[in-house]
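Architecture at a glance
Each chain is listed here by its residues.
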Amino acid sequence: MPHSVSGVEMRKRQAAHIEAPPQAPGQPRPNTCCLCWCGCCKCLWNEDRIERSERQTCTKMGSIEAVEEQHPSLEELLSWARSFEMMLRSLEGREIFREFLRSEYSEDNLLFWLACEELKKETNPSVVDEKARIIYEDYVSILSPKEVSLDSRVREGINQSLAEPSNTMYEEAQLQIYTLMHRDSFPRFLNSSVYRDLLASRRRTCLDT
């Protein structure tokens, strides 16, 4: 029977930054020991991610200067304005959007969405059970300081699913948070100085070259 990592242990492994891009269709993904997007373990998949990150100028986002060092292209920046989903598929896009959400105290919406994405990839029943409960304790429970905004019907459905957790038990809640970010936060992000200053900087770079 697979060894189940304790909730406390797994929660310690969660980091404060977003790293892993979405898994390409058909690409094998090694079994991992934790939420690998958190950047905490030394599994093969995470070592490859770290190696890829080391080739980038910057792997964290403490400021807009740090974001600029990652050099998303002008074409990529413009594509984010056309498609919220395209921005979420981009490593730089998620990091820049997260920085903006942090300024609005709504960063946990994105973290919840990403945690649900990771859960949907999991097939090991014991790990599904552990991750599902961690997501509940971190983002759904009314006792959590990071509680995301869900309507009562969706919340009640999650409470019932906890008896037999599955990797899809948060799908409806995830869609609700995705819609909230898309309709509410995303338009403000496109009009924010975080995005507009970066866009202007890339345009100047293109003109200089």
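Residues numbered from 1 in each chain as written. Predicted model: local features only at pLDDT ≥ 70, side-chain atom pairs only at ≥ 80, totals over all residues. Heavy atoms only, no water.

- By the naming in an unreviewed UniProt entry, the protein chain is Regulator of G protein signaling 17, taken from Cyprinodon variegatus.

**Some words on the packing of aromatic side chains**
- Within this structure, the stated rule accounts for ten aromatic pairs.
- Ring geometry for F84 versus F97: centroids 5.7 Å apart, planes at 80 degrees, classification edge-to-face. Residue F84 is found in helix α5 (residues 84-89), and its partner F97 is found in helix α6 (residues 91-103); the two are separated by 13 residues along the sequence. Note on accessibility: F84 and F97 belong to one class, buried.
- A ring pair is formed by F112 and Y170, whose centres lie 6.1 Å apart and whose planes are at 85 degrees; its orientation type is edge-to-face. Pair noted here: F112 is in helix α7 (residues 107-121) and Y170 is in the loop between α9 (152-161) and α10 (171-190), with a separation of 58 residues, a long-range link. Residue F112 shares its accessibility class with Y170, and that shared class is buried.
- Taken together, the ring pairs in this structure connect F84, F97, F100, W113, Y178, F186, F189 and Y195 into an aromatic cluster. (Phe/Tyr/Trp six-rings, centres within 6.5 Å; stacked < 30°, edge-to-face > 60°. Helix = DSSP H or I, 4+ residues; strand = E, 2+ residues; numbered from the N terminus. Buried < 20%, exposed > 50% of the residue type's maximum accessible area, 1.4 Å probe, protein only.)

**A short note on α7**
- In this model, α7 (15 residues) spans 22 Å end to end at C-alpha, consistent with the 21 Å of a helix rising 1.5 Å per residue.
- For α7, the buried fraction is high: eleven of the 15 residues fall into the buried class.
- Buried within α7 are the following residues: E107, N109, L110, L111, F112, W113, L114, A115, C116, E118 and L119.
- As for α7, its buried residues are in contact with α5, α6, α8 (125-140) and α10. (Expected span 1.5 Å × (residues − 1). Contact = heavy atoms within 4.5 Å.)

**With respect to the side chain of S185**
- Here S185 lies in helix α10.
- For S185, the residues in contact, after removing those within four places along its chain, are F97, F100, L101, E104, S106 and L180.

**Let's talk about unusual backbone geometry**
- In this model, Y105 sits at a positive phi of 60 degrees, which is unusual for a non-glycine residue.
- If you trace the backbone, Y105 turns up in the loop between α6 and α7.
- Overall, the relative accessible area of 78% leaves Y105 in the exposed class.

**Points about the packing of α9 against α10**
- Viewed as axis vectors pointing N to C, α9 and α10 meet at an angle of 150 degrees, and their least axial separation amounts to 9 Å. By the criterion of interaxial angle, the relationship of α9 to α10 is roughly antiparallel. Read as a crossing pair, α9 and α10 show a hand that is left-handed. Facing α9, whose interface residues are R153, V154 and I158, α10 presents E172, A173 and Q176.
- When grouped by side-chain class, the residues that make up the contact of α9 with α10 number three nonpolar, one polar and two charged. (Axes fitted to C-alpha atoms, helices over the stretch in contact; angles between N-to-C directions. Parallel < 35°, antiparallel > 145°, perpendicular 65-115°, else oblique. Left-handed = near helix turned anticlockwise from the far one by under 90°. Nonpolar A, V, L, I, M, F, W, Y, C, P; charged D, E, K, R; others polar.)

**A few points about the packing of α6 against α10**
- Here α6 crosses α10 at 95 degrees, and the two axes come no closer than 10 Å. Between α6 and α10, the interaxial angle falls into the category roughly perpendicular. In contact with I96, F97, F100 and L101 of α6, α10 contributes M181, S185, F186, R188 and F189.

**Some remarks on the pattern of salt bridges**
- For the structure shown, the criterion picks out twelve salt bridges.
- A salt bridge links K120 to E117, with the nearest nitrogen and oxygen atoms 3.0 Å apart. Note that K120 and E117 are positioned in helix α7 at a spacing of three residues, about one turn of the helix.
- The class of E117 is partly exposed, set by a relative accessible area of 24%.
- When salt bridges that share partners are traced, they join R98, E99, R102 and E107 into one network. (Salt bridge = Lys/Arg side-chain N within 4 Å of Asp/Glu carboxyl O.)

**Quick notes on the nonpolar core**
- Grouped together as the largest cluster of nonpolar side chains are 41 residues, with contacts concentrated most on F97, F112, Y170 and F189.
- Among the elements of the structure, α4 (74-82), α5, α6, α7, α8, α9, α10 and α11 (193-208) are those that each provide at least two residues to this core.
- Here the element with the most residues in this core is α7; it accounts for eight residues.
- The contact partners of F112, leaving out residues within four places of it in the chain, are I135, Y139, V140, V148, Y170, A173, Q174 and I177. (Core = buried A, V, L, I, M, F, W, Y, C linked by side-chain atoms within 4.5 Å.)

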